[in-house]
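Report on the structure
These are the residues of each chain, in order.
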Amino acid sequence: MRFNYLTSLIYSPRGVSESAKQSRLLLGACKSGREAFSETLVKTIVEAELHDYFTDAVLIPIPRSTLTLQDSFLPAKVIADVFLRNGLGNSVSVCLKRIKAIPKSSSQYSAETRNTVQTHLDSLAVEPVLIPEKKIVLIDDVLTLGRTAMAAAIKLQEAFPDKEVKIYSPFRTRSFEDNNILRDTRQDYMELNTSNWKVKLPD
């Protein structure tokens, strides 16, 4: 399976440069749900003339690794709400739920020990809702190996086979330094290799 994704910023977890330090500060602003951070994302998307990515789309936040609780804080939901308020997307739905808690990715230090696509698939469920929009844009906070986003996209594609499912994440984790983290909007595809269930990202 293959899904289009869009990212706005680079997150360098191991870098020591000023841009790497700034990326970590921005990640903190994202994770804490600061609306000013999401407002900046909107401006970046509009300036890059990529607002059509969200045209006629419902925005669906990807849940945390813990069980979904009603009214619980979700950074991706904050991003989705701010986007909607600024004209990106038609609506926001929280129909994607985590029904089984899984280990947090941040507590796992290698690709081999991180949750697999299948682990995510087994822990996610889609509540039956009516979606009139033609597109679904999944909202995540950080795209690392792409396994969470891939599983979420598969779940939604199965539930809504007539919809185009895409992914947006403010951050794409990279191992190299990038001095243009605030204006590094990139659009590409992630693909699931069904022979080994690994997600292939372009770079």
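Residues numbered from 1 in each chain as written. Predicted model: local features only at pLDDT ≥ 70, side-chain atom pairs only at ≥ 80, totals over all residues. Heavy atoms only, no water.

In this section: the packing of helix 2 (residues 35–47) against helix 3 (residues 75–85). Put simply, helix 2 and helix 3 touch, their axes get as near as 9 Å, and they point 55 degrees apart. Here helix 2 lies oblique to helix 3, going by the angle between them. In this structure, the crossing between helix 2 and helix 3 has a hand that is right-handed. Of the residues in helix 3, those touching helix 2 at Glu35, Ser38, Glu39, Leu41, Val42 and Ile45 are Val78, Ile79, Val82, Phe83 and Arg85. Here the contact of helix 2 with helix 3 is composed, by residue class, of seven nonpolar, one polar and three charged. (Axes fitted to C-alpha atoms, helices over the stretch in contact; angles between N-to-C directions. Helix = DSSP H or I, 4+ residues; strand = E, 2+ residues; numbered from the N terminus. Parallel < 35°, antiparallel > 145°, perpendicular 65-115°, else oblique. Left-handed = near helix turned anticlockwise from the far one by under 90°. Contact = heavy atoms within 4.5 Å. Nonpolar A, V, L, I, M, F, W, Y, C, P; charged D, E, K, R; others polar.)

Turning our attention to the pairing of strand 8 (residues 164–173). Most of strand 8 is tucked away, with nine of its 10 residues classed as buried. Two elements, strand 6 (residues 135–139) and strand 8, share five bridges in a ladder whose sense is parallel. Residue pairing for strand 8: Ile139 is matched across the bridge by Tyr168. With two bridges connecting them, strand 7 (residues 142–143) and strand 8 associate as parallel partners. Bridging from a neighbouring strand, Leu143 pairs with Arg172 of strand 8. In terms of handedness, the path from strand 7 via helix 5 (residues 147–159) over to strand 8 forms a crossover that is right-handed. (Buried < 20%, exposed > 50% of the residue type's maximum accessible area, 1.4 Å probe, protein only. Pairing = 2+ DSSP bridges. Right-handed = clockwise from strand over helix to strand, strands pointing away.)

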